[in-house]
Amino acid sequence: MTEPAHHDAETATAAPTFVFVHGLMGNSFYWAPVVRELALLGHRSLPVDLPGHGLDASIPLAYQMQDIATFAASSSPMAAITVQDNVAHVIDVVRKVRRHGPVILVGHSLGGITIGLVANAISEAVHRLVYLSAFCPSTPDAPSAMALSQTPEAMKDVPIPNSGHSLFLGMEPVSRGLIRFNLRSPDPEALEDFRLTNMPEATLEQTLTVINYGMQPEDGAQTSFADARVEADTWGRIPHSYIRLTHDNVISPALATKMIDDADRLTPDNPFDVHSLAAGHVSVVLQARELAAILDRLA
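Heads up: these notes are all about the structure in this document. Quantities reported herein were computed from a predicted structural model and do not represent experimental measurements. (Residues numbered from 1 in each chain as written. Predicted model: local features only at pLDDT ≥ 70, side-chain atom pairs only at ≥ 80, totals over all residues. Heavy atoms only, no water.)

**Considering the pairing of strand β2 (residues 44-48)**
Cut-off, in case you're wondering: At least two bridges found by DSSP between two strands is the condition for calling them paired. Working definition: helices are DSSP H or I runs of at least four residues, strands are E runs of at least two. Numbering for both runs from the N terminus. Handedness of a crossover is defined as follows: orient the strands so they point away from the viewer, and if the path from the first strand over the helix to the second runs clockwise, the crossover is right-handed.
Pairing geometry for strand β1 (residues 17-21) and β2, over five bridges, is parallel. Among the inter-strand pairings, Val19 is bridged to a residue of β2, identified as Leu46. This β-α-β element, β1 to helix α2 (residues 32-40) to β2, shows right-handed connectivity.

Written out as structure tokens, the structure is:
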């Protein structure tokens, strides 16, 4: 249904709404502190649960009982979820939100894949894109999040994971299509490895709170392997911002620089505007006030 002209004029001058897209293993609950801080600054925001996340997540009984061998070997409905499913879901949200004014689409980590493909599909509906230490593939050499994570830049100046003590239970590509973590592990060395990689400036207590409220133990793998290159004639027309996290050991500062530079070569007349925040990859949510201040300036 076509909106009347007066409605378009009213919404064009309305304040924007921030739509947040979480990363791997995430959910909408992760964004609660940022939503609070933005509300205190007078902004509307809507955190999205991608398919199979949030209250729609699968929490197997084997995981709840810490029967990890059974959990790791079992099937999951998450395996069937594709990047196209994620994109279609967010497109539907963006179109509904846009009835009330401009949309600023924010993606964190693997959420960058989804927001880039949404922008390719409906560039006219997005007012601004914000990549919060998020994947932004733009070249044939590294067309996916997985390909970007295997570049030399991705490994530069980040700690080597403790493979003997890890919450990570494995990534099984599109054949089984699953990524799993044991977020309830009692292994203190595995918890410390996760903290150092994802939340280096956080305490163990803060780490446990975030992973128990804002993360889930399994996700689909297909989005990580999908060709998700952004396109110059659609994505490239939208103003886009990148928020670098200077303590990030997941998307290293060197990898963030590579993605920014590659995208700027794709759209030299519309480069990223870049901001920095002294935070880790997951622990950025603990600096919600500082993050909200950056987003406020982008509104």
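Okay, back to it.
**Some thoughts on the packing of helix α8 (residues 188-198) against helix α9 (residues 204-214)**
For clarity, the cut-off: Angles shown run from 0 to 180 degrees and are taken between the N-to-C directions of axes, each axis being a line fitted to C-alpha atoms and, for helices, limited to the stretch in contact. Note on angle classes: values under 35 degrees are labelled roughly parallel, values over 145 roughly antiparallel, values of 65 to 115 roughly perpendicular, and the remainder oblique. The criterion used for residue contact is that any of the two residues' heavy atoms lie within 4.5 Å. Residue classes follow a fixed rule: Ala, Val, Leu, Ile, Met, Phe, Trp, Tyr, Cys and Pro count as nonpolar, while Asp, Glu, Lys and Arg count as charged, and any other residue, Gly among them, counts as polar.
Two elements in contact, α8 and α9, have axes whose closest approach is 10 Å; the angle formed by their N-to-C orientations is 85°. Compared by their axis directions, α8 and α9 come out roughly perpendicular. Here Leu191, Phe194 and Arg195 of α8 come into contact with α9, specifically with Leu204, Thr207, Leu208 and Ile211. Here the contact of α8 with α9 is composed, by residue class, of five nonpolar, one polar and one charged.

**Looking at the pairing of strand β9 (residues 273-277)**
Examined bridge by bridge, strand β8 (residues 240-245) and β9 share five bridges and lie parallel to one another. By the bridge assignment, Leu245 is partnered in β9 with Leu277. Remark: the β8/helix α11 (residues 253-266)/β9 crossover connection has right-handed handedness.

**Points about the pattern of salt bridges**
Oppositely charged side chains can form a pair if their charged atoms are brought close together. This is how it is decided: Counted as salt bridges are all cases of a side-chain nitrogen of Lys or Arg within 4 Å of a carboxyl oxygen of Asp or Glu. Classification of residues uses two cut-offs on accessible area relative to the type maximum, computed with a 1.4 Å probe and protein chains only: under 20% is buried, over 50% is exposed, and between them is partly exposed.
The full count for this structure, using the stated rule, is nine salt bridges. The closest approach of N and O atoms between Arg289 and Glu37, which form a salt bridge, is 3.6 Å. Note that Arg289 is positioned in helix α12 (residues 288-298) and Glu37 in helix α2, a separation of 252 residues in sequence. A relative accessible area of 10% means that Glu37 is categorised as buried. A salt bridge links Arg265 to Asp262; its shortest N-O distance comes to 2.4 Å. Here Arg265 and its partner Asp262 are both found in helix α11, three residues apart, which amounts to about one turn of the helix. Judged by relative accessible area, Arg265 falls into the exposed class, the value being 61%. Given the relative accessible area of 10%, Asp262 is considered buried.

**Some words on helix α6 (residues 111-121)**
Most of α6 is tucked away, with 10 of its 11 residues classed as buried. Residues of α6 that are buried: Gly111, Gly112, Ile113, Thr114, Ile115, Gly116, Leu117, Val118, Ala119 and Asn120. In this structure, the buried residues of α6 make contact with β1, α5 (83-98), β3 (103-108), β4 (128-132), α7 (145-149) and α10 (222-225).

**A word on the sheet that holds β9**
Sheet architecture is open: six strands sit in the order β2-β1-β3-β4-β8-β9, paired in parallel fashion. The open sheet has two edge strands with one neighbour each: β2 and β9. Averaged over all adjacent pairs, the angle separating strand axes in this sheet is 20°, with direction ignored. Together, β1, β3, β4, β8 and β9 form the strand contacts of α12, whose direction differs from that of β9 by roughly 165°.

**Describing the sheet that holds strand β6 (residues 178-181)**
Spatially, the three strands line up as an open sheet ordered β5-β6-β7, and their pairing is antiparallel. Since the sheet does not close on itself, it has two edges, and those belong to β5 (168-172) and β7 (218-220), each with one partner. Strand-to-strand twist of the sheet, defined as the mean angle between neighbouring strand axes without regard to direction, takes the value 10°.

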